[in-house]
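Overview (structure and organization)
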Amino acid sequence: VKSYQPVQPLYYGWFLNEADSWKLCDIAKSWLQAAINVEQFYKDLSHHIDVVSPEELLRTYSRQTYRDGGSILHCTANFTARGKDESSREYINNPIVKSAMGKCFPLHVIGFIITPRTFGVRLRLTVNQLDLWGQDDTETVPSIISHPHEPKKHKRNEPTEKKTDKENDIRYSLFSTTPLHSSCTVTITQLNSLSQADQFHPTSGKGSRAHITMGCAPGVKPVTTGFDLIDIVRREKEAQSSLTDVLETFTLPGGTLRNYGEGSWALYLDKELQISSLFSAYYG
Ligand code: ACK
C-alpha cells in the first residue's frame, strides 16, 4: 500500500484581493512618482541603477521574478519552503496558524522603501498578526545581495523566456494602466495620523520585516525586499542613536522621504492606510 504525503505550502501570508492589489499599485506608483520629483532622490537612485530618465526609473521595478506573474499582492508571514526544516513544520502544525486560515485581517500600510534593488510597502502588524509572524526580522543579508560599498548599477537583464506583449503589459509590468477586470471591492481606507514621535522609526523588533513587495529591479528576487527593509530598520536605529548624523529629509504632501545612504530611501506616510487581507497558504 502506497503512503501519500500531504503537499506542504511554499509560504503563508496575508493576501489582498485583486481590486485592492491594483489600487495599491496605483497608490504606490503615485508615491514613487512624488519621490522621483524630488531632484536629489532621482539623482541618488539613478547613480545606483542603470536608468537614463525619471520615466525609466518609474518603470524599473517589476514583478517579473514572481512565478505566478504577481498580480495578487501579499505579505509573507512565513516562508515554509514546503516544510523544509523543523521550524517550518512546527509553523504549519501550529493550531493558531491552522485556525487563522481563511480569516480576514486588516493590513496597515505605514510607508514605502525604495532601494536600487526593490520597491516595497512597509506594514505595521497588529498583535493578532504578530502571533502568525514567522519571518526572521534579523536575518543576515546574504552577501550576493548585500550593499556594495561602491555604487553598483543594476543592469537591465534580458528576459529569460519570451513573453507576449500582452503578458508583459498586463501581468508583468507593475504599473500597467490596464487593470484586470475584477468583481472584488476596493477596501483601502485612510486611517489616523501616525504619531510624530514614531515618525522615523515606526517599527522595530518583531514584525519589522513585514512588507509587500511592489516590484524588483531587473534580476532581483522578491526575497530581497525583506532584506532591504531589515537594513533600513537597522539604519533607522543607528540614526536615532547618533546625535550628529543628520540625514537628508524631504517633506512631501502627506509624507516624508529620507535618505539612508547607498541608494536606500524610506518614505513615511503621515496617515496610514488600511487594506483587507485574507490569511492563507500559497502552494505554487
Ligand atoms: O516579497 P516576498 O515576501 O519575498 O514574497 C515572496 C514570497 O516568499 C514568494 O517568493 C518570499 N521569500 C522567498 N524566499 C524567501 C526566503 N528564503 N525567506 C523569506 N521569504 C522568502 C518572497
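Residues numbered from 1 in each chain as written. Predicted model: local features only at pLDDT ≥ 70, side-chain atom pairs only at ≥ 80, totals over all residues. Heavy atoms only, no water.

Here we look at the overall build of the protein
Counting its secondary structure elements, the protein contains eight helices and nine strands. Here the protein holds 284 residues, and the buried ones make up 50% of them. In the protein, 79% of the contacts between residues at least 6 apart in sequence involve partners at least 24 apart. Of the roughly 14,700 Å² of accessible surface on the protein, a fraction of 52% belongs to carbon and sulfur atoms. (Helix = DSSP H or I, 4+ residues; strand = E, 2+ residues; numbered from the N terminus. Buried < 20%, exposed > 50% of the residue type's maximum accessible area, 1.4 Å probe, protein only. Contact = heavy atoms within 4.5 Å. Areas by Shrake-Rupley, 256 points an atom, 1.4 Å probe, with all protein chains shown as cover.)

Section: the packing of aromatic side chains
A full pass over the atoms with the stated rule returns 13 aromatic pairs. Seen from their ring centres, Y12 and F279 are 6.1 Å apart, and the 25 degrees between their planes marks the pair as stacked. One end of the pair, Y12, is in strand 1 (residues 11-15); the other, F279, is in strand 9 (residues 265-282), with 267 residues separating them in the sequence. A relative accessible area of 5% means that Y12 is categorised as buried. Connected via pairs of aromatic rings, a cluster forms that spans Y12, W14, Y91, F105 and F279. Residue placement shows R258 over the ring face of F200; its charged tip is 3.8 Å from the ring centre. (Phe/Tyr/Trp six-rings, centres within 6.5 Å; stacked < 30°, edge-to-face > 60°. Lys NZ or Arg CZ within 6 Å of the ring centre and 35° of its normal.)

Side note on the site of the ligand
Taken together, Y11, Y66, H74, T76, F79, Q135, R209, H211, T213, P222 and V223 are the residues near the ligand. At 3.1 Å, a side-chain N or O of H74 approaches an oxygen atom of the ligand. Between an oxygen atom of the ligand and a side-chain N or O atom of H211, the distance comes to 3.2 Å. Taking 450 Å² as the accessible area of the ligand by itself, protein coverage stands at 79%. Listed by contribution, the elements that provide at least two residues to the shell around the ligand are strand 2 (74-78) and strand 6 (211-216). (Near = heavy atom within 4 Å. Polar contact = N/O pair within 3.5 Å; in protein donor to acceptor, adjacent residues only side chain to side chain.)

Concerning the pairing of strand 9
Note that strand 1 and strand 9 share five bridges and pair antiparallel. Bridge pairing in strand 9 links Y11 to Y282. With ten bridges joining them, strand 3 (residues 104-114) and strand 9 adopt antiparallel strand pairing. Paired with F112 across the strands is L267, a residue of strand 9. Strand direction decides the pairing type here: strand 5 (residues 189-193) and strand 9, joined by three bridges, are antiparallel. Its bridge partner lying in strand 9, Q190 is registered against L273. Pairing geometry for strand 8 (residues 255-259) and strand 9, over five bridges, is antiparallel. The residue of strand 9 that forms the bridge with R258 is A266. (Pairing = 2+ DSSP bridges.)

A look at the confidence of the model for the protein
For the protein, mean pLDDT is 86; residues scoring 70 or higher make up 81% of the total. Per-residue pLDDT stays below 50 along residues 146-151; that stretch engages in ten contacts with residues further than four places along the chain or on separate chains. Interface confidence for the predicted complex, expressed as ipTM, amounts to 0.99; the pTM equals 0.89. (pLDDT = per-residue confidence, 0-100.)

Things to note about the side chain of S88
Within the element layout of this structure, S88 appears in helix 4 (residues 86-93). Within the structure, the side chain of S88 is placed 3.3 Å from the backbone oxygen of T80, a separation counted as a polar contact. Leaving out residues up to four positions away in the same chain, S88 has contacts with F79, T80 and G83.

Digging into the environment of F79
Within the fold, F79 resides in the loop between strand 2 and helix 4. We classify F79 as partly exposed; its relative accessible area is 42%. Along the backbone, F79 and G263 are 184 residues apart, and their C-alpha atoms lie at a distance of 27 Å. When neighbours within four sequence positions are excluded, F79 is seen to be in contact with L10, Y11, S88 and Q135.

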